[in-house]
Amino acid sequence: MSTPVTIEGALRGLAAGEYSSVELTRHFLDVIRERNPVLNAVISTTDDIAIAQAEQADRDRQAGRGGPLAGVPILHKDIFCTEGARTSAGSKMLDNFVSPYSATAVEKLTKAGAIMVGKANMDEFAMGSSNENSFYGVVRNPWQTDRVPGGSSGGSAAAVAAGFCLAATGTDTGGSIRQPASFCGITGIKPTYGRVSRWGMIAYGSSLDQAGPMTRTAADAALMLQTMAGFDHRDSTSLDEPVPLFTEALDQPLAGLRIGLCKEYLQDGLDSGVETQVQNAIRELEGLGASLVEVSLPHTQYAVPAYYVIAPAECSANLSRFDGVRFGHRCDDPVDLEDLYTRSRSEGFGREVRQRIMVGAFALSAGYYDAYYRKAQQIRRLIKNDFISAFKTVDLIAGPVAPSTAFPLGDMTDDPVAMYLQDIFTVPSSLAGLPAMSIPAGFSDNLPVGLQLIGNYLDEGRMLNAAHQFQQRTDWHLRSPDTGEVS
Ligand code: GLN
């Protein structure tokens, strides 16, 4: 069997009868079994569900019925509720939680024929930039196993890069799809806030959380996103907007496209290897017919502080439900109710999560609300306004995803502020609710570098189009971490 590396390739192979979905699924389950002990990208495999789904996909294909993803093995980040399978959110708190229902995004992918082979590792409750905060242990970067894969969707990114599956779901609150995609050399897109339903996705920062696909190519991301997206009455922030067929816009030429270069994103603090690759990628887009326009996003420097007030504030509210009574881990032999709450939560949550709950509860408390939470919301509005005025003169904004390539494991675990500053280029568009993606744009010291594209509201199609055109001219997205060559 010649193993496909993209969804498109697998759909061709399945259609041509080169392999069945059951064979393909067994292949990926074998790869996971063999290689996961080193990378730790997967928390649990769902073999029985996967084989049953694959058998169904094969039957559907034979009957000429299959959906657009019929028979394609994927992983779900372990933050998505998946019926009949453990959903841990990377936390001891939910170590034994088997969800009775599936998230809308999962349901839509399943209905389209995708096969769930397992659940991907992640930072606990999606809090982190390195995947070192998981109760299930750190994830390693397949390009260099002493490096982090990025976070919090680091398991999804490492798994796709290492060929554990053809694609994975991720979630992005402040960069958690884009930064691990960048660190692992794959394609990842965070859609416009509200594009994909949050129903059944365990909440971190509800005004920021968005689900999206993590794939090798932009064409695969387009196919997956148009399947996952769409209005859902069960999510009150879901957008009631039509979902275009992103796959149909991929081939448009880029002539006339105006790409904004944000001067605040290309300044001191950016690793020079990253800067070189990002500049080369931007020149490539120019070569494809795009024109480059300088833009300014003057409030960029306030994005990290505002984000690290708003996200913890929302997490402190969202995580209050895990009290050992209604949801989550319960301590042994509590002496009274307060002891039950205190010990259940202290035992169930890891250090970073506890720290953020404390910060969030503090920022929301009566005496400090105006000084922190309200102030952060005001800054959020200014950041959004920066983008609104930039998008008056450009169609997309291009720049780096992260200040550096994948850093060594343990490098920043004792310095949360240094870790938070890693999010400088991803949190502004999250605060504004804009769609943004990361595409492989080269290497620096043998580690992948991502190019970030930020789009206007609901303009995922244009981003995917630019990314696809770029990928027609480059092969960074097809390099294998095992050989460094095109796979
Ligand atoms: N690194 C950011 C955080 O820790 C973003 C995480 C995310 O997008 N889920 O909050």
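Preceding this section is the structure that the text describes.
The rules behind these values
- Residues numbered from 1 in each chain as written.
- Predicted model: local features only at pLDDT ≥ 70, side-chain atom pairs only at ≥ 80, totals over all residues.
- Heavy atoms only, no water.
- 1 Å grid on protein atoms, 1.4 Å probe; cavity = no way out; pocket = protein on both sides within 12 Å on 5 of 7 lines; lining within 4 Å.
- Points joined across faces, edges and corners; volume = space filled by probe spheres on them.
- Nonpolar A, V, L, I, M, F, W, Y, C, P; charged D, E, K, R; others polar.
- Helix = DSSP H or I, 4+ residues; strand = E, 2+ residues; numbered from the N terminus.
- Near = heavy atom within 4 Å.
- Polar contact = N/O pair within 3.5 Å; in protein donor to acceptor, adjacent residues only side chain to side chain.
- Areas by Shrake-Rupley, 256 points an atom, 1.4 Å probe, with all protein chains shown as cover.
- Sits in = over half its atoms within 2 Å of the grid points.
- Phe/Tyr/Trp six-rings, centres within 6.5 Å; stacked < 30°, edge-to-face > 60°.
- Buried < 20%, exposed > 50% of the residue type's maximum accessible area, 1.4 Å probe, protein only.
- Lys NZ or Arg CZ within 6 Å of the ring centre and 35° of its normal.
- Axes fitted to C-alpha atoms, helices over the stretch in contact; angles between N-to-C directions.
- Parallel < 35°, antiparallel > 145°, perpendicular 65-115°, else oblique.
- Left-handed = near helix turned anticlockwise from the far one by under 90°.
- Contact = heavy atoms within 4.5 Å.

Q: Which parts of the structure should I look at to understand the layout of surface pockets?
A: Approximately 410 Å³ is the volume attributed to the largest pocket. Lining of the largest pocket is provided by 19 residues; of these, Y101, M201, I202, A203 and R321 occupy positions nearest its centre. In terms of residue class, the lining of the largest pocket is built from 11 nonpolar, three polar and five charged. Elements supplying a minimum of two residues to the lining of the second largest pocket: α10 (337–348), α11 (351–364) and α13 (416–421).

Q: Got a minute to help me understand the site of the ligand in this structure?
A: The ligand sits among 15 residues. The nearest are T173, G174, S176, Y204 and Y307. Measuring from a nitrogen atom of the ligand, one finds a side-chain N or O atom of S129 at 2.7 Å. Between the ligand and D423, the relevant distance is 2.9 Å, taken from a nitrogen atom to a side-chain nitrogen or oxygen of the residue. Its free accessible area being 290 Å², the ligand has 99% of it covered by the protein chains. For the ligand, the cavity whose grid points lie within 2 Å of the majority of its atoms is the largest cavity. Of the residues assigned to the shell around the ligand, the class counts are five nonpolar, seven polar and three charged.

Q: I keep staring at the packing of aromatic side chains and nothing clicks. Help me out?
A: Given two aromatic rings, their pairing is described by the distance between the two centres and the angle made by the two planes. All told, the structure shown has 16 aromatic pairs when counted by the stated rule. Seen from their ring centres, F135 and Y136 are 5.1 Å apart, and the 75° between their planes marks the pair as edge-to-face. Classification of F135 by relative accessible area gives partly exposed; the value is 42%. By relative accessible area, which is 19% here, Y136 ends up buried. Of the aromatic side chains, those joined through ring pairs into one cluster are F125, F322, F327 and F349. Across from the ring centre of W199, 3.9 Å away, lies the NZ or CZ of R234, which sits over that ring.

Q: Quick question: what am I supposed to make of the packing of helix α4 (residues 104–111) against helix α7 (residues 218–228) here?
A: Between two packed helices, what matters for the description is the angle formed by their axes and the separation of those axes. Viewed as axis vectors pointing N to C, α4 and α7 meet at an angle of 115°, and their least axial separation amounts to 8 Å. Viewed along their axes, α4 and α7 adopt a mutual orientation that is roughly perpendicular. Of the two possible hands of crossing, α4 and α7 adopt the one that is right-handed. Here A105, K108 and L109 of α4 come into contact with α7, specifically with M224, T227 and M228. The class makeup of the residues in the contact of α4 with α7 is four nonpolar, one polar and one charged.

Q: Before we go on, may I ask you to explain empty space enclosed by the protein in this structure?
A: A water-sized probe, rolled over the atoms, reveals where empty space remains. The tally for this structure, following the rule as stated, stands at two cavities of 30 Å³ or more. Taken as a whole, the largest cavity holds about 80 Å³ of empty space. Lining the largest cavity we find 14 residues, and of these G128, S129, S176, Y307 and D423 sit closest to its centre. Counted by class, the lining of the largest cavity contains four nonpolar, eight polar and two charged residues. As a volume, the second largest cavity reaches approximately 30 Å³. As for the second largest cavity, its lining consists of Y265, L297, H299, T300, I383, D386, F387 and P428. Sort the elements by how many residues they give to the lining of the second largest cavity and helix α12 (residues 370–390) lands first, with three residues. Looking at the lining of the second largest cavity, its residues break down into five nonpolar, two polar and one charged.

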